[in-house]
Amino acid sequence: MNAESRARLNQTPEWTALAAHREQLGEVRLCDLFAADPARGTAYTLQVGDLHIDYSKHLVTAETLTLLRDLAAATDVFGLRDAMFRGEKINTTEDRAVLHTALRAPRDAVIMVDGENVVPAVHAVLDKMSAFSERIRSGEWTGHTGKRIKNIVNIGIGGSDLGPAMAYEALRSFTDRDLTVRFVSNVDGADLHEAVRDLDAAETLFIIASKTFTTIETITNATSARDWLLTELKAGQDAVAQHFVALSTNAEKVSEFGIDTANMFEFWDWVGGRYSYDSAIGLSLMIAIGPDRFREMLDGFHLVDKHFRAAPPESNVPLLMGLLGVWYGNFHDAQSHAVLPYSHYLSKFTAYLQQLDMESNGKYVDRDGREVDWQTGPVVWGTPGTNGQHAYYQLIHQGTKLIPADFIGFAEPVADLAPGLVAQHDLLMANFFAQTQALAFGKTPDEVRAEGVAEELVPHKTFKGNHPTTTILAKELTPSVLGQLIALYEHKVFVQGAVWNIDSFDQWGVELGKVLAKRVEPALTEGAEVPDLDGSTTALVAKYRDLRGR
Ligand SMILES: O=P(O)(O)OC[C@H]1O[C@](O)(CO)[C@@H](O)[C@@H]1O
């Protein structure tokens, strides 16, 4: 459909119907919805793979859901989904296919891009990664001095860092505990300094992860890491080959840096950075958990891909999660979305989702090049649940903002906890369930009074409730379950981008800052004149130089 024939989203009958429905529902109360339908707690649930999804605590009725699905149909979400899976170039501003789903497709799948089946190449790289991982894990691959590799340092940023770093934490109990795995992303030299200061260079492998191999932070850190290694080993350039490998789409730049392209693990321009940790970008993770676990994770991704592709709208979980976000963002003025995992292992999960969601859907221009007049991607935030309870939950419970939230929890703790620590799991999960209950149903003034609270404190101790949450519950956090969770969020983001008619797969908004940093740097170091620098930045640069004694 071209720009002229495509109606503006907020002028479609489906949008108007939702706006009217929102008006008519008014201040719908969750307690009333549950009172009217005692089976709601089981009826408003879905299952995908190992994930149980409870969406009963949402400010929706059956009619709301129908109207939201009508909007999805009107915006052809499933048409765009099919085009994505077929390998069409739906990333129009970069003229690229969007095929992270091919990264987890089975060996015998056929997915064509520009007349070529990409699946054999995906599996060839996976096989190469597996062989390399096994050589590291077994000690067969040694460093320049002949010592076994015991430390892995991944250097990358954005999608070349957040995914593997998040997944390494998430699957820590499945990792080889004899390996030290660290992630360096910040161009602040302190990051690399802290990562290597207690490492033996002779036992350290650097994985330079960069899709473009031009990202200034990564190349700067990689260059410093190379200097550190050669100084520590008192070795020449030939030591690099045993201690540096690259993950990239850019063989030329990898070779320019001095890494043998035989030690490069390839991926392709149809894998977006924030959708890439199940590609070669996951090498550090694969070394840590082993190729078999990595493939289990890919199977988890694939399971949800199949669900997204085949499940009807009524039971399609990514569709539902995406549409609920549309409901709050566009019809309740919610500005943010909290993701609150009740698992210490998911400590980096929300940070990972921030890039996935906000870099994908933080756009004010639609696919037709016109400014949108509707809200697009929310601010995504959150940290592991119990810690958040003692920090910002106050605002979720009694603040003035509507903050829809996802609660993610597991029935069983993973792996090797001592019995006493296993017992703590019920307390963790009691908090998990209690919080969504408190958020939904609150506490009335009468309930507060019945506890004998002094009248002047009653308003302070009242909880209005009615805060919507989705509960995602699984038996345990395995590699497969992690893959399922990530694919779920990838497709949720896709659904929202499709409804809002934005290109979820480019990221032009990060470019300007990069260009300006390059222009400003000579002013800091050499005091160079920067033409057209604004008054504030000029004064700040002068202050900086003064503080540095320049
Ligand atoms: O892998 P690269 O090319 O170094 O890029 C790193 C990150 O930079 C970005 O392009 C944004 O700055 C992300 O999309 C990407 O994940």
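Calculation criteria
Residues numbered from 1 in each chain as written. Predicted model: local features only at pLDDT ≥ 70, side-chain atom pairs only at ≥ 80, totals over all residues. Heavy atoms only, no water. Helix = DSSP H or I, 4+ residues; strand = E, 2+ residues; numbered from the N terminus. Contact = heavy atoms within 4.5 Å. Core = buried A, V, L, I, M, F, W, Y, C linked by side-chain atoms within 4.5 Å. Buried < 20%, exposed > 50% of the residue type's maximum accessible area, 1.4 Å probe, protein only. Domains from an automatic or database assignment. Phe/Tyr/Trp six-rings, centres within 6.5 Å; stacked < 30°, edge-to-face > 60°. Pairing = 2+ DSSP bridges. Axes fitted to C-alpha atoms, helices over the stretch in contact; angles between N-to-C directions. Salt bridge = Lys/Arg side-chain N within 4 Å of Asp/Glu carboxyl O. Right-handed = clockwise from strand over helix to strand, strands pointing away. Parallel < 35°, antiparallel > 145°, perpendicular 65-115°, else oblique. Left-handed = near helix turned anticlockwise from the far one by under 90°. Nonpolar A, V, L, I, M, F, W, Y, C, P; charged D, E, K, R; others polar.

Trainee: What exactly am I supposed to notice about the side chain of H491 here?
Mentor: Assignment of secondary structure puts H491 in helix α21 (residues 479–500). Those residues within four positions of H491 in sequence are excluded, and the remaining contacts are M84, F85, T101, R104, V304, D305, F308 and P318.

Trainee: Is there a simple way to think about the nonpolar core in this case?
Mentor: If you look at soluble globular proteins, the nonpolar side chains tend to sit buried side by side. Of all hydrophobic cores here, the largest spans 124 residues; its most connected members are L205, W270, Y277, F349 and L482. At 13 residues, the largest contribution of residues to this core is made by α21. Viewed by domain, this core spans two of them, domain 1 (15–86 + 304–504) and domain 2 (112–289), each represented by three or more residues. Not counting chain neighbours up to four residues away, the residues in contact with L482 comprise M166, A167, A170, L171, Y277, M297, L346 and L477. Membership of the second largest hydrophobic core comes to 26 residues, among which are V153, I155, A195 and V240.

Trainee: How should the packing of aromatic side chains be read in this particular structure?
Mentor: The geometry of an aromatic ring pair is captured by two quantities: the separation of the ring centres and the angle between the planes. The tally for this structure, following the rule as stated, stands at 26 aromatic pairs. On the basis of an interplanar angle of 55 degrees and a centroid distance of 5.3 Å, the ring pair of F132 and F265 is categorised as tilted. Of the two residues, F132 is situated in helix α6 (residues 119–138) and F265 in strand β9 (residues 264–266); the sequence distance between them amounts to 133 residues. The exposure class of F132 is buried, given its relative accessible area of 6%. The class for F265 is buried, based on a relative accessible area of 2%. Here F206 and F244 contribute two aromatic rings whose centre-to-centre distance is 5.1 Å and whose plane-to-plane angle is 25 degrees, an arrangement assigned as stacked. Residue F206 is located in strand β7 (residues 204–209), and its partner F244 is located in strand β8 (residues 244–248); the two are separated by 38 residues in the primary sequence. Comparing F206 with F244, the two get one shared label, buried.

Trainee: How do you make sense of the sheet that holds strand β2 (residues 51–54) when you look at a structure like this?
Mentor: Note on sheets: strands pair through backbone hydrogen bonds, and any given pair is parallel or antiparallel. Spatially, β1-β2-β13-β12-β10-β11 is the arrangement adopted by the six strands of the open sheet, whose pairing is mixed. Across the chains shown, the open sheet's two edge strands, defined by having one partner strand only, are β1 (45–48) and β11 (379–381). Each neighbouring strand pair of the sheet contributes to a mean axis angle of 15 degrees, computed without reference to strand direction. In this structure, β2 lies alongside strand β13 (residues 469–474), joined through three bridges in antiparallel fashion.

Trainee: In this structure, what is going on with the pattern of salt bridges? I would like to understand it.
Mentor: For side chains bearing opposite charge, pairing can occur when the charged atoms are close. A full pass over the atoms with the stated rule returns 30 salt bridges. With a shortest N-O distance of 3.2 Å, E169 and R172 are connected by a salt bridge.

Trainee: Would you take a moment to explain the pairing of strand β5 (residues 151–155) for this structure?
Mentor: Among the five residues in β5, five count as buried, and that is most of the element. Neither face of β5 is left uncovered, since the one carrying N151, V153 and I155 and the one carrying I152 and N154 both have all their residues buried. As defined by bridge partners, β5 adjoins strand β6 (residues 180–184) across five bridges and the pair is classed as parallel. Note on β6: the bridge partner recorded for V153 is R182. A crossover connection joins β5 to the parallel β6 through helix α7 (residues 162–170); in handedness this β-α-β unit is right-handed. Bridging between β5 and β7 involves five bridges; their strand directions are parallel. Bridged to I155 within β7 is I208.

Trainee: Before we go on, may I ask you to explain the sheet that holds β9 in this structure?
Mentor: Pairing is parallel in the open sheet, where five strands are placed in the order β6-β5-β7-β8-β9. Of all the strands in the sheet, just β6 and β9 have a single pairing partner and so form its edges. Direction aside, neighbouring strands of the sheet carry axes that sit 20 degrees apart on average. Judged from the three bridges that link them, β8 and β9 form a sheet pairing that is parallel. Looking across to β9, one finds that S248 is bridged to E266. Across the sheet, helix α8 (residues 189–196) is in contact with β5, β6 and β7; its angle to β6 comes to roughly 175 degrees. Most of the contacts of helix α9 (residues 216–233) go to β7, to which it runs at about 160 degrees, and overall it touches β5, β6, β7 and β8.

Trainee: What am I meant to see in the packing of helix α1 (residues 13–25) against helix α4 (residues 62–74) here?
Mentor: In contact at an axis separation of 9 Å, α1 and α4 are set at 160 degrees when each is read in the N-to-C sense. By the criterion of interaxial angle, the relationship of α1 to α4 is roughly antiparallel. Crossing handedness for the pair α1 and α4: left-handed. Here E14, W15, A17, L18, H21 and L25 of α1 lie close against α4, whose contacting residues are E63, T64, L67, L68, D70, L71 and A74. Taken together, the residues of the contact of α1 with α4 sort by class into eight nonpolar, two polar and three charged.

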